[in-house]
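Residues per chain, in single letters:
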Amino acid sequence: MKLFDVYPLYDINPVKGKGCYVYDEAGTAYLDLYGGHAVISIGHGHPHYIKRVTDQLQALPFYSNSVQNRVQEELAERLGKASGCNDYHLFLINSGAEANENALKLASFWNGRTKVIAFRKSFHGRTSAAVNATDNQAIKAPINRTFEVEFHEWNNLESVRASLEKGDISAVIIEGIQGVGGIYVPDVTFLEELQILCHKYNTVFILDEIQSGYGRSGKFFAFQYADIQPDIITVAKGMGNGFPIGGVLIHPKFEAKHGLLGTTFGGNHLACAAGLAVLEVIENEQLIENAATVGQYLMEQLAGFEGVREVRGRGLMIGIEFDFPTGDLRKQLLYEEKVFVGSASNANVVRLLSPLSLGMKEADIFLKRLKKNLASVHHLAH
Ligand SMILES: Cc1ncc(COP(=O)(O)O)c(C=O)c1O
């Protein structure tokens, strides 16, 4: 059997990872400023993570959600403390799309409505409701288009207000920092006003922190730069450092009912052990503070580079917008300089989503290799 060919692949086969590096079959080291798409939060092959997951694997990797699961409770407790969202309730699933799917579902259960507001260039996942709230027509099948979604301009409060006033919007869903779209940080006042409007019109305010959460922005959640308390917060990616796990953080105003939501694999013992190891390492190694410091340094340095139009982001979620399409630059970085970076839907943007453990030393290695390559690629592009 061959693989269903849906991914354009780089010609590299990583077989090992350690810290901020992955290694191919020949043992060549690649500096990882992509983190496997923002998934590697605490770094590759962390010994504490390996031990915790291995111990759980040997004890009990899985049992269903029909029994007590102390590891799940421990994870909820720890996540509440780490994020400052102690009074929220946690529902666990396996991916980001599932997190948003359940968030949108809860919103609709809550107010009985079906219309959703999302933003231009948004990405919320590939399951039915999540993909319908994603601003990319090419990835929606007719079966996904079952409810109306309005896509509003980023930071445009007035257009959202005009819609919300009609009183029929079930949920507003917004990324803490827009990722796939090209790294756009929402205005603090926009988020704060949005929350006030959502409350006024009984619309559920959903913060998608799947890419921007878990310390990536230099705070536990990117929305915490604003003074808000979203109704629902969704997480995944960095939550398991590669182990598939996602979560829905639900404000206490939502009442749980047996059978309302459910999943076979979500919240299994092994996934929760991975989730706990991640939170322990983030805290013990002060990775959130590190993301803020190293990210700030990178952004300041990058702003002065040749061909750079704008540097956007917070912490280690950085978008570098160049004045030329970056396909060749990214290839050169990977194949010649052995550095992984990410792309975005805007071809001129390079996305940096490194492990939160990226050190100043690695940041400098990246800056040096980028600078070296920029000169040739930039001139070729003009
Ligand atoms: C902001 C955001 N939401 C949701 C998702 C979907 O997550 P997953 O691929 O785990 O389903 C992604 C993935 O890139 C994302 O960046």
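Keep in mind that this is a model prediction, so the values were computed, not measured. (Residues numbered from 1 in each chain as written. Predicted model: local features only at pLDDT ≥ 70, side-chain atom pairs only at ≥ 80, totals over all residues. Heavy atoms only, no water.)

Peer 1: Could you give me a rundown of the domain arrangement of the protein, with the residues and numbers involved?
Peer 2: In terms of domain boundaries, the protein breaks down into domain 1 (14-45 + 286-381) and domain 2 (47-284). Taken over C-alpha atoms, the centre of domain 1 sits 26 Å from the centre of domain 2. With 31 residues of domain 1 at the interface, the matching set in domain 2 holds 32 residues. For the pairing of domain 1 and domain 2, the buried interface totals around 2,600 Å² over both sides, and the portion due to carbon and sulfur atoms is 61%. Three residues stand out in domain 1 for area buried against domain 2, namely I42, R314 and M317, and they jointly supply 29% of the buried area on that side. Applying the counting rule to domain 1 against domain 2 returns 16 residue pairs in polar contact (both at pLDDT 80 or more). Within the residue set of the side of domain 1 that touches domain 2, elements represented by two or more residues are α1 (35-38), α9 (287-302), β11 (308-314), β12 (317-322) and β14 (349-352). Here the residues of the side of domain 1 that touches domain 2 are counted per class, giving 15 nonpolar, eleven polar and five charged. (Domains from an automatic or database assignment. Contact = heavy atoms within 4.5 Å. Buried area = accessible area lost by both parts, 1.4 Å probe. Polar contact = N/O pair within 3.5 Å; in protein donor to acceptor, adjacent residues only side chain to side chain. Helix = DSSP H or I, 4+ residues; strand = E, 2+ residues; numbered from the N terminus. Nonpolar A, V, L, I, M, F, W, Y, C, P; charged D, E, K, R; others polar.)

Peer 1: Which residues make up the pairing of strand β5 (residues 115-119), and what are the values?
Peer 2: Burial analysis of β5 places five of its five residues in the buried class, the great majority of the element. Of the two faces of β5, the one lined by K115, I117 and F119 and the one lined by V116 and A118 are each fully buried. One ladder, built from three bridges, connects β5 with strand β7 (residues 169-175); its direction is parallel. Within the sheet, the bridge partner assigned to I117 lies in β7 and is V172. Summarising the sheet, β5 and strand β6 (residues 149-152) pair through four bridges and their orientation is parallel. When the sheet's bridge partners are listed, A118 is paired in β6 with F151. (Buried < 20%, exposed > 50% of the residue type's maximum accessible area, 1.4 Å probe, protein only. Pairing = 2+ DSSP bridges.)

Peer 1: Could you give an account of the pattern of salt bridges, with specific residues and numbers?
Peer 2: Counted under the stated rule, the structure contains 16 salt bridges. The partner of R52 in a salt bridge is E280, and the shortest N-O contact between them spans 2.9 Å. Separated by 228 residues along the polypeptide, R52 in helix α2 (residues 47-59) and E280 in helix α8 (residues 269-284) bring together distant segments of the chain. Among the ionic pairs, E150 bridges to K115, the shortest N-O distance being 3.9 Å. Of this pair, E150 sits in strand β6 while K115 is found in strand β5, placing the two residues 35 residues apart along the sequence. Overall, the relative accessible area of 16% leaves E150 in the buried class. (Salt bridge = Lys/Arg side-chain N within 4 Å of Asp/Glu carboxyl O.)

Peer 1: I'd like a rundown of α8, residues and numbers included.
Peer 2: Spanning 16 residues, α8 covers 22 Å between terminal C-alpha atoms, matching the ideal 22 Å at 1.5 Å per step. Of all 16 residues in α8, 14 are buried; the element is thus mostly enclosed. Sitting at the amino-terminal end of α8 is N268, which places a side-chain oxygen 3.1 Å from the backbone nitrogen of L270. Positive backbone phi, approximately 50 degrees, marks Q286, located one or two places after α8. (Expected span 1.5 Å × (residues − 1).)

Peer 1: How would you explain the sheet that holds β14 if you had to name every residue and give the values?
Peer 2: Pairing within the open sheet is antiparallel, and its three strands lie in the order β11-β12-β14. Either end of the sheet is taken by a strand with one partner, and the two such strands are β11 and β14. On average, each strand axis in the sheet is tilted by 15 degrees relative to the strand beside it, whichever way the strands run. In the sheet, β11 pairs with β12 via six bridges, with the strands oriented antiparallel. Within the sheet, the bridge partner assigned to V311 lies in β12 and is I320. (Axes fitted to C-alpha atoms, helices over the stretch in contact; angles between N-to-C directions.)

Peer 1: I'd like a description of helix α6 (residues 157-164), backed by residues and values.
Peer 2: Burial in α6 covers these residues: L157, V160, S163 and L164. Take α6 and look down its axis: the buried residues cluster within an arc of 130 degrees, on one side only. Buried-residue contacts for α6 involve β5, β6, β7 and α7 (188-200). (Arc of directions from axis to C-beta.)

Peer 1: Give me the lowdown on the nonpolar core, citing residues and values where you can.
Peer 2: Nonpolar side chains in soluble globular proteins generally cluster together in the buried interior. Judged by nonpolar contacts, the single largest core of 81 residues is most densely connected at L298, L302 and F366. Sorting elements by how many residues they give to this core places α8 first, with ten residues. The residue makeup of this core includes at least three contributed by each of domain 1 (14-45 + 286-381) and domain 2 (47-284). When neighbours within four sequence positions are excluded, F366 is seen to be in contact with L31, L33, L298, L302, V339, V341 and L352. (Core = buried A, V, L, I, M, F, W, Y, C linked by side-chain atoms within 4.5 Å.)

Peer 1: Explain the side chain of H124 to me, using residue names and the numbers behind them.
Peer 2: Inspection of the secondary structure assignment puts H124 in the loop between β5 and α5 (128-132). Judged by relative accessible area, which is 3%, H124 ranks as buried.

Peer 1: I'd love a proper account of the site of the ligand, names of residues and values included.
Peer 2: Close contacts around the ligand come from 13 residues, with G96, A97, D208, Q211 and K237 the closest. Within the backbone of F123, a nitrogen or oxygen atom sits 3.4 Å from a nitrogen atom of the ligand. Protein chains bury 83% of the 390 Å² of accessible surface belonging to the ligand in isolation. Looking at the shell around the ligand, the element that brings in the most residues is helix α4 (residues 96-111), giving three residues. Grouping the constituent residues of the shell around the ligand by class yields three nonpolar, seven polar and three charged. (Near = heavy atom within 4 Å. Areas by Shrake-Rupley, 256 points an atom, 1.4 Å probe, with all protein chains shown as cover.)

Peer 1: For the packing of aromatic side chains, give the residues involved together with the corresponding values.
Peer 2: Applying the stated criterion to the full structure yields eleven aromatic pairs. Considering the side-chain rings of Y34 and F340, the 6.3 Å spacing of their centres and the 20 degrees angle between planes classify their relative orientation as stacked. With Y34 in the loop between β3 (29-32) and α1 and F340 in strand β13 (residues 339-340), this residue pair connects regions lying 306 residues apart in the sequence. When its relative accessible area of 13% is taken as the criterion, F340 is described as buried. (Phe/Tyr/Trp six-rings, centres within 6.5 Å; stacked < 30°, edge-to-face > 60°.)

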